[in-house]
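# Chains, contacts and geometry: an overview
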Amino acid sequence: MSNRIISILKKRLARKTWDNWFTTFQVKKVTDDKIIFSVGNLFIKDWLQSKYGSVISKAIKEAYGKNLDYEIVYETTEPEAFNKSNESYKGPLVKKKPLLISNLNANYTFENFVVGPENRVLYEVSLEISRNPGRYNPFFVYGMVGLGKTHLLQAIAHKIMELHPEMRVLYITSEQFMNDMIDSIKYGSVRDFREHYRKKADVLLIDDIQFLIGKNGVQKELFHTFNELYDAGKQIVICSDRNPEELNGFHDRLVSRFQMGMVMEICPPEKDTRFKIAKKFAERESVSLPDDVAQLLADSVDGNLRILRGVIIKLIVQSSINKERIGAALTNQILAAFNKTTVSIKRMKEEDLIMSTIEAVMGVSPEEIKGTSRKQNIVLSRQLLMYILKRHHGKSIKEISKITGKRHSTVIHSIKKIEMSVIKGNTVVKEKLAKILNTMATSSAAG
Ligand SMILES: Nc1ncnc2c1ncn2[C@@H]1O[C@H](COP(=O)(O)OP(=O)(O)OP(=O)(O)O)[C@@H](O)[C@H]1O
């Protein structure tokens, strides 16, 4: 009979709804007058009760031929952590004046976030988190590059500040967290660093967590920060380019913390949504985009929305310089130029892209990098390549050794050398590294 309720529900609900909300839903116990269901996540329990209560009641009636009460319970794999957090949460701990302790992009709001069917649930959940910070913890959003993760994170931050002005909201990238940690070690201010992250924020939003892959020391620090905030019932929101299980090289205990709350994927926008997003991008620049142009863009550019935005910005700039109307002709021209660059970038292997960027920034060719010269600039370029391959692209020592033709011990030594330079605050190395990474990010985003 219990299987029957599950199959009735499956039939009544859309596939996407089932996948989003009901995959952990099970019949736990049936008594004469009550059915107890269990789910694997606290947020889902509340969400099902408030949004799908009547569907569940109807399924019970269909299965048993009568109305029966039901209850949904949450079965945790980490009972202590969850219970502790719920008991201890009694609203924001720091009741102070509205205080923004991070820089947010004013455009990244819910109002500017175009919602299509592919991301409606994610949008609703994000709003719900903003209304009840600390209740559904943590909230983990993952998805491919340029799909709006940062936008959504910051929209949550904006909304929480609007609805709960007493809360202190801290938005950071994980790279910033790492740099702050390194600086605090360097300047002997670890206590201040911990105070800042563990005590001052009521809401912590961390962008691009995948940046910490392989960075064990920073992960350890983050783990303690996470636990302290979590135990105090403070909201944690995290985003990443991959789901928690795919965060290879992350401590298991951190991954399991990420999985304790709500994990949701941000999906690529469908064509109709891209049309609306194109209009919104132009509107953000105070320009009205004709429908035929928005349609052409929605048909031509999919995936990374930063490319769509890049095309629209170019379109606006070109039309203003040339005093030319924004129409299909100009749009096609700009699209063609964009396609050339993005296609050639896509065709490149990541190591070739890094090497060509190093060549542009350092003036050292791939042949010189793979060669045996001990010239200072060439050695530094070689070490930077190995460091980026390891720390930013998760390549193994073996793979890096194959790409560069260098021995394992040389690869390990080179990576350590750059790491130490960053920790010690060597400005030349830090600046070159930042320039290479920024150049790569810009070229892969927009060509
Ligand atoms: N649904 C949306 N509606 C309106 N604008 C959007 C939407 N999704 C993304 N954008 C815009 O697309 C651009 C890229 O989004 P964003 O930087 O948030 O992507 P991301 O997923 O964080 O990328 P990355 O993985 O590189 O960090 C931003 O200008 C953002 O405002």
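Residues numbered from 1 in each chain as written. Predicted model: local features only at pLDDT ≥ 70, side-chain atom pairs only at ≥ 80, totals over all residues. Heavy atoms only, no water.

Let me state the cut-off plainly: UniProt positions are given in the numbering used here, feature names are shortened, and annotations may be inferred rather than shown by experiment.
Looking up the protein in UniProt gives the name Chromosomal replication initiator protein DnaA, with the organism given as Kosmotoga olearia. Taken from UniProt, the Subunit comment for the protein reads in full: "Oligomerizes as a right-handed, spiral filament on DNA at oriC." You can read under Subcellular location in the UniProt record for the protein the words "Cytoplasm".

## Examining the side chain of Ser 401
Inclusion rule: A run of DSSP states H or I qualifies as a helix once it reaches four residues; a run of E qualifies as a strand once it reaches two. Both are numbered from the N-terminal end. Residue exposure (1.4 Å probe, protein chains only): buried if accessible area is under 20% of the type maximum, exposed if over 50%, otherwise partly exposed. Contacts are assigned to residue pairs with any non-hydrogen atoms lying within 4.5 Å of each other.
By the secondary structure assignment, Ser 401 is in helix 19 (residues 397-404). Looking at Ser 401, the relative accessible area reads 13%, which means it is buried. With sequence-adjacent residues up to four places away left out, Ser 401 is seen in contact with Lys 406, Arg 407, His 408 and Val 411.

## Focus: the pairing of strand 7 (residues 203-207)
To be explicit about the condition: For two strands to be treated as a pair, DSSP must find at least two bridges joining them.
In terms of residue burial, strand 7 counts as a mostly covered element, since five of its five residues are buried. On strand 7, burial covers both faces: Val 203, Leu 205 and Asp 207 on one face and Leu 204 and Ile 206 on the other are all buried. Looking at chain direction, strand 6 (residues 168-173) and strand 7 are connected through five bridges and run parallel. Paired with Leu 170 across the two strands is Leu 204, which belongs to strand 7. Pairing between strand 7 and strand 8 (residues 235-240): four bridges, direction parallel. Following the sheet pairing, Leu 205 is matched in strand 8 by Val 237.

## Focus: the environment of Pro 133
Within the fold, Pro 133 resides in the loop between helix 6 (120-131) and strand 5 (139-142). Linking Pro 133 and Ile 160, residues 27 residues apart in sequence, is a C-alpha distance of 7.4 Å.

## Concerning the pattern of salt bridges
Pairs can form between side chains of opposite charge once their charged atoms are near each other. Test applied: What counts as a salt bridge is simple: a side-chain nitrogen of Lys or Arg found within 4 Å of a carboxyl oxygen of Asp or Glu.
Here the structure, examined in full by the defined rule, presents 15 salt bridges. The salt bridge partner of Lys 159 is Glu 162, with a shortest N-O separation of 3.4 Å. One end of the pair is Lys 159 and the other is Glu 162, both in helix 7 (residues 149-163) and three residues apart, which spans about a single turn. Under the relative-accessibility criterion, Glu 162 is labelled exposed at 53%. Between Asp 241 and Arg 242 there is a salt bridge, with the nearest N and O atoms lying 2.7 Å from each other. Using a relative accessible area of 28% as the deciding quantity, one classes Asp 241 as partly exposed.

## Describing unusual backbone geometry
Geometrically, the link from Asn 137 to Pro 138 is a cis peptide bond, its omega value of -10° lying close to zero. Topologically, Pro 138 is positioned in the loop between helix 6 and strand 5. Here Asp 208, not a glycine, exhibits a phi torsion of approximately 55°, which is positive. On the secondary structure map, Asp 208 appears in the loop between strand 7 and helix 10 (216-231). We classify Asp 208 as partly exposed; its relative accessible area is 30%. Even without a glycine there, the phi angle at Lys 323 is positive, about 50°. Along the polypeptide, Lys 323 turns up in the loop between helix 14 (305-321) and helix 15 (328-347).

## Here we look at a positive patch on the surface
The criterion, for reference: A patch is a set of surface residues, each over 30% in relative accessible area and not in a salt bridge, joined within 9 Å for like charges and within 5 Å for the nonpolar side chains Val, Leu, Ile, Met, Phe, Trp and Tyr. Methods summary: accessible areas were calculated by the Shrake-Rupley approach with a probe of 1.4 Å, and residue burial reflects only the protein chains presented. Counting rule applied: Lys, Arg positive; Asp, Glu negative; His and chain ends not counted. Here the site of a charge means atom NZ of a Lys, CZ of an Arg, CG of an Asp or CD of a Glu.
A contiguous patch of positive charge, built from Lys 349, Lys 370, Lys 398 and Lys 402, is present on the exposed surface. Summarising the element assignment, Lys 402 is placed in helix 19. Judged by its relative accessible area of 73%, Lys 402 is exposed.

## Quick notes on the sheet that holds strand 3 (residues 69-74)
Our working rule: Only the stretch in contact is used when a helix axis is fitted, and all axes are lines through C-alpha atoms; the angle between N-to-C directions ranges over 0 to 180 degrees.
Overall, mixed pairing links the three strands, which are arranged 1-2-3 in an open sheet. Each edge of the sheet is formed by a strand with only one pairing partner; in this case those strands are strand 1 (26-30) and strand 3. Put simply, the sheet's adjacent strands are angled 30° from each other on average, direction ignored. Of the strands in this sheet, strand 1, strand 2 (34-39) and strand 3 are in contact with helix 4 (residues 53-64), which crosses strand 3 at around 125°.

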